[in-house]
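Fold and contact review
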Amino acid sequence: VGDGECLDSELLYASAFDRTSGGGGITLQFKHAQSRMQFVASSEVANFMRIDKIIIENALTGGTLNVSNGIRMDAAWSFGGHARADLTVPGSEGVVIGEGSYPVCDILLPEQRACDIVLYYSVKYSSDEDWDTAENRVYRYESGDVPWYYGKKNVFYIKFDLSEIVMISSVKEWDDEAVDISIEKNEE
(Lines give C-alpha, C1' and ligand atoms only; values in the text may rest on other atoms or scores of the structure.)
Protein backbone atom coordinates (compact mmCIF):
# COMPACT_ATOMS: atom_id res chain seq x y z
CA VAL A 1 0.00 0.00 0.00
CA GLY A 2 1.61 3.26 -1.12
CA ASP A 3 2.28 6.11 1.31
CA GLY A 4 -0.96 7.99 1.93
CA GLU A 5 -3.16 5.25 0.49
CA CYS A 6 -4.16 3.69 3.85
CA LEU A 7 -5.97 6.80 5.02
CA ASP A 8 -9.39 6.16 3.51
CA SER A 9 -9.19 2.69 1.94
CA GLU A 10 -10.33 -0.07 4.25
CA LEU A 11 -8.25 -3.24 3.92
CA LEU A 12 -9.73 -6.58 4.97
CA TYR A 13 -8.32 -10.10 4.86
CA ALA A 14 -9.75 -13.59 5.30
CA SER A 15 -8.86 -17.19 4.62
CA ALA A 16 -10.67 -20.30 3.38
CA PHE A 17 -7.85 -22.57 4.62
CA ASP A 18 -8.86 -26.22 4.85
CA ARG A 19 -12.49 -25.55 3.87
CA THR A 20 -14.45 -27.00 0.99
CA SER A 21 -17.74 -26.10 -0.55
CA GLY A 22 -20.35 -28.67 -1.44
CA GLY A 23 -21.94 -26.47 -4.09
CA GLY A 24 -22.84 -23.76 -1.58
CA GLY A 25 -20.90 -20.92 -0.09
CA ILE A 26 -17.98 -20.86 2.30
CA THR A 27 -18.26 -18.63 5.34
CA LEU A 28 -15.29 -16.30 5.74
CA GLN A 29 -14.69 -14.00 8.67
CA PHE A 30 -12.88 -10.92 7.39
CA LYS A 31 -10.54 -9.04 9.69
CA HIS A 32 -9.64 -5.36 9.56
CA ALA A 33 -6.01 -4.82 8.59
CA GLN A 34 -5.69 -1.24 9.88
CA SER A 35 -6.10 0.84 13.01
CA ARG A 36 -9.15 3.06 13.00
CA MET A 37 -8.58 6.45 14.64
CA GLN A 38 -11.70 8.34 15.67
CA PHE A 39 -11.82 11.81 17.21
CA VAL A 40 -14.89 12.75 19.28
CA ALA A 41 -15.26 16.34 20.50
CA SER A 42 -17.54 17.69 23.19
CA SER A 43 -18.20 21.01 24.87
CA GLU A 44 -20.58 22.30 27.50
CA VAL A 45 -20.69 25.65 25.69
CA ALA A 46 -21.83 25.67 22.05
CA ASN A 47 -20.06 27.50 19.22
CA PHE A 48 -17.19 28.96 21.28
CA MET A 49 -14.53 26.38 20.25
CA ARG A 50 -13.32 25.46 16.79
CA ILE A 51 -10.90 22.73 15.82
CA ASP A 52 -8.62 24.26 13.19
CA LYS A 53 -6.84 20.98 12.44
CA ILE A 54 -5.60 17.75 14.02
CA ILE A 55 -2.07 16.62 13.14
CA ILE A 56 -0.74 13.11 13.73
CA GLU A 57 3.03 13.52 13.95
CA ASN A 58 5.54 11.16 12.40
CA ALA A 59 2.93 8.66 11.14
CA LEU A 60 3.30 5.80 8.71
CA THR A 61 0.56 6.01 6.07
CA GLY A 62 1.50 3.04 3.88
CA GLY A 63 3.37 -0.24 4.06
CA THR A 64 3.23 -3.92 3.20
CA LEU A 65 0.65 -6.14 4.86
CA ASN A 66 1.90 -9.72 5.18
CA VAL A 67 -0.83 -12.29 5.89
CA SER A 68 0.21 -15.72 7.16
CA ASN A 69 -2.14 -18.67 7.04
CA GLY A 70 -0.43 -21.35 9.08
CA ILE A 71 -2.00 -22.95 12.13
CA ARG A 72 -3.88 -19.70 12.66
CA MET A 73 -4.25 -16.76 10.35
CA ASP A 74 -2.39 -13.60 11.34
CA ALA A 75 -1.06 -10.45 9.72
CA ALA A 76 1.80 -8.03 10.25
CA TRP A 77 2.77 -4.71 8.70
CA SER A 78 6.30 -3.95 7.47
CA PHE A 79 7.53 -0.51 6.41
CA GLY A 80 10.77 -0.90 4.44
CA GLY A 81 10.98 2.01 1.99
CA HIS A 82 8.03 3.86 3.54
CA ALA A 83 8.54 7.27 5.12
CA ARG A 84 7.06 8.80 8.24
CA ALA A 85 5.32 12.16 7.85
CA ASP A 86 3.12 14.59 9.74
CA LEU A 87 -0.48 14.00 8.70
CA THR A 88 -3.44 16.37 8.86
CA VAL A 89 -6.49 14.26 9.72
CA PRO A 90 -9.01 14.73 6.89
CA GLY A 91 -12.23 16.37 8.04
CA SER A 92 -10.62 17.96 11.09
CA GLU A 93 -10.26 21.46 9.69
CA GLY A 94 -12.61 24.25 10.71
CA VAL A 95 -14.93 22.13 12.88
CA VAL A 96 -17.02 24.35 15.20
CA ILE A 97 -17.93 22.41 18.35
CA GLY A 98 -21.60 22.52 19.27
CA GLU A 99 -23.11 21.56 22.59
CA GLY A 100 -22.88 17.86 23.39
CA SER A 101 -20.63 15.17 21.97
CA TYR A 102 -20.20 13.91 18.42
CA PRO A 103 -17.52 12.36 16.18
CA VAL A 104 -15.34 14.89 14.42
CA CYS A 105 -13.53 12.56 11.99
CA ASP A 106 -12.10 9.11 11.36
CA ILE A 107 -8.92 7.95 9.66
CA LEU A 108 -7.33 4.55 8.96
CA LEU A 109 -3.62 3.88 9.52
CA PRO A 110 -1.41 0.78 9.41
CA GLU A 111 -0.66 -0.83 12.76
CA GLN A 112 2.26 1.07 14.28
CA ARG A 113 3.63 2.55 17.46
CA ALA A 114 1.34 5.36 18.56
CA CYS A 115 2.21 8.86 17.41
CA ASP A 116 1.85 12.20 19.18
CA ILE A 117 -1.23 14.20 18.21
CA VAL A 118 -1.28 17.99 17.97
CA LEU A 119 -4.61 19.80 18.10
CA TYR A 120 -4.79 23.34 16.76
CA TYR A 121 -7.94 25.10 17.95
CA SER A 122 -9.50 28.53 18.43
CA VAL A 123 -11.54 29.97 21.32
CA LYS A 124 -14.06 32.83 21.23
CA TYR A 125 -15.15 34.56 24.42
CA SER A 126 -18.43 35.93 23.11
CA SER A 127 -20.97 34.71 20.58
CA ASP A 128 -20.68 38.04 18.74
CA GLU A 129 -16.93 37.64 18.26
CA ASP A 130 -15.75 36.68 14.77
CA TRP A 131 -13.54 33.58 14.31
CA ASP A 132 -10.87 35.82 12.72
CA THR A 133 -10.31 37.49 16.10
CA ALA A 134 -10.55 34.29 18.18
CA GLU A 135 -7.59 33.20 20.30
CA ASN A 136 -5.53 30.45 18.61
CA ARG A 137 -4.23 27.67 20.84
CA VAL A 138 -2.28 24.42 20.52
CA TYR A 139 -2.71 21.23 22.57
CA ARG A 140 -0.24 18.32 22.40
CA TYR A 141 -1.27 14.76 23.27
CA GLU A 142 1.80 12.65 23.98
CA SER A 143 1.04 9.06 23.07
CA GLY A 144 3.59 7.24 25.16
CA ASP A 145 5.05 3.92 24.09
CA VAL A 146 1.90 2.02 23.10
CA PRO A 147 0.93 0.47 19.75
CA TRP A 148 -2.07 1.22 17.59
CA TYR A 149 -3.12 -2.36 16.77
CA TYR A 150 -4.79 -3.34 13.53
CA GLY A 151 -8.42 -4.37 13.91
CA LYS A 152 -8.95 -1.95 16.81
CA LYS A 153 -10.62 1.44 17.05
CA ASN A 154 -8.65 4.08 18.94
CA VAL A 155 -11.08 6.73 20.13
CA PHE A 156 -9.77 10.13 21.25
CA TYR A 157 -12.30 12.05 23.34
CA ILE A 158 -11.60 15.80 23.24
CA LYS A 159 -13.39 17.77 25.96
CA PHE A 160 -13.40 21.55 25.60
CA ASP A 161 -14.32 24.26 28.07
CA LEU A 162 -13.34 27.92 28.12
CA SER A 163 -10.31 27.39 30.35
CA GLU A 164 -8.87 24.01 29.34
CA ILE A 165 -8.88 21.05 26.99
CA VAL A 166 -8.61 17.40 27.96
CA MET A 167 -7.95 14.51 25.57
CA ILE A 168 -8.51 10.93 26.73
CA SER A 169 -7.96 7.86 24.56
CA SER A 170 -9.54 4.43 24.70
CA VAL A 171 -9.18 1.31 22.62
CA LYS A 172 -12.36 -0.45 21.49
CA GLU A 173 -13.34 -3.27 19.22
CA TRP A 174 -13.94 -2.18 15.65
CA ASP A 175 -17.69 -2.22 15.01
CA ASP A 176 -18.34 -5.63 13.50
CA GLU A 177 -21.18 -6.19 11.11
CA ALA A 178 -22.21 -9.47 9.49
CA VAL A 179 -22.82 -8.97 5.78
CA ASP A 180 -23.52 -11.64 3.17
CA ILE A 181 -21.63 -11.10 -0.06
CA SER A 182 -21.51 -13.26 -3.16
CA ILE A 183 -18.29 -13.85 -5.07
CA GLU A 184 -18.44 -15.50 -8.46
CA LYS A 185 -16.26 -18.61 -8.78
CA ASN A 186 -13.72 -18.38 -11.58
CA GLU A 187 -13.80 -21.66 -13.58
CA GLU A 188 -10.41 -21.17 -15.31
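As a reminder, the structure under discussion sits directly above these lines.
Quick caveat, the model's predicted, so the values are computed rather than measured. Per chain, the residues get numbers from 1 upward, laid out in the order the sequence is written. Local features are withheld for residues below a pLDDT of 70 in this predicted model, meaning they are given only at 70 or higher, and side-chain atom pairs are given and counted only at 80 or more; totals for whole chains, interfaces and linings count all residues. Calculated side-chain values reflect all of the structure's heavy atoms, with hydrogen atoms and water omitted.

1. A closer look at the side chain of D52
If you trace the backbone, D52 turns up in strand β4 (residues 49-60). A distance of 2.7 Å separates the side chain of D52 from the side chain of R50, its partner in a polar contact. Whether two residues are in contact is decided by their heavy atoms: any pair within 4.5 Å suffices. Setting aside residues up to four positions removed in sequence, D52 forms contacts with S92, E93, G94, Y120, Y121, S122 and N136. Under the DSSP-based scheme used, a helix requires at least four consecutive residues in state H or I and a strand at least two consecutive residues in state E, with every element numbered from the N terminus. Counted as a polar contact is a pair of N or O atoms within 3.5 Å, where, for protein atoms, one must be capable of donating a hydrogen and the other of accepting one, and residues adjacent in sequence contribute only when both atoms are in side chains.

2. A few points about the pattern of salt bridges
By definition here, a salt bridge exists when the distance from a side-chain nitrogen of Lys or Arg to a carboxyl oxygen of Asp or Glu is within 4 Å. Considering all chains together, one arrives at eight salt bridges under this definition. R113 is paired through a salt bridge with D145; the nearest N and O atoms lie 2.8 Å apart. Placement of R113 in strand β10 (residues 112-113) and of D145 in the loop between β12 (135-141) and β13 (147-148) is noted, with a sequence separation of 32 residues between them. The classification of residues rests on relative accessible area computed with a 1.4 Å probe and restricted to protein chains. Under 20% of the type maximum is buried, over 50% is exposed, and intermediate values are partly exposed. You can call R113 exposed: its relative accessible area is 55%. Overall, the relative accessible area of 62% leaves D145 in the exposed class. Note that R140 and D116 form a salt bridge whose closest N and O atoms lie 3.6 Å from each other. Remark: D116 occurs in the loop between β10 and β11 (117-123) and R140 occurs in strand β12; sequence separation between them is 24 residues. Through salt bridges with shared partners, a single network forms among E57, D116 and R140.

3. Thoughts on the pairing of strand β3 (residues 34-43)
The side chains of a regular strand alternate between both faces of the sheet. Most of β3 is tucked away: 10 of the 10 residues are buried. Residues Q34, R36, Q38, V40 and S42 point to one face of β3 and S35, M37, F39, A41 and S43 to the other, with burial holding for every one of them. One ladder, built from 10 bridges, connects β3 with strand β9 (residues 100-110); its direction is antiparallel. Bridge assignment links A41 to a residue of β9, and that residue is Y102. One requirement defines pairing of two strands: DSSP has to find at least two bridges between them. Relative to strand β14 (residues 152-160), β3 is paired through eight bridges, and the arrangement is parallel. Bridging across to β14, V40 finds its partner in Y157.

4. Digging into the nonpolar core
Only buried residues count toward a nonpolar core. Its members are Ala, Val, Leu, Ile, Met, Phe, Trp, Tyr and Cys residues joined through side-chain atoms within 4.5 Å. With 31 residues, the main nonpolar core has F39, I56 and F160 as its most contacted residues. Mapped by element, the contributors of at least two residues to this core are β3, β4, β8 (95-97), β9, β11, β14 and β15 (165-173). By residue number, the principal contributor to this core is β4, which donates five residues. The residues touching I56, leaving out its near neighbours within four places in the chain, are F39, A85, D86, L87, V89, I107, L109, C115, D116, I117 and W148. Within the second largest apolar cluster, seven residues are counted, among which are A33, A75, W77 and Y150.

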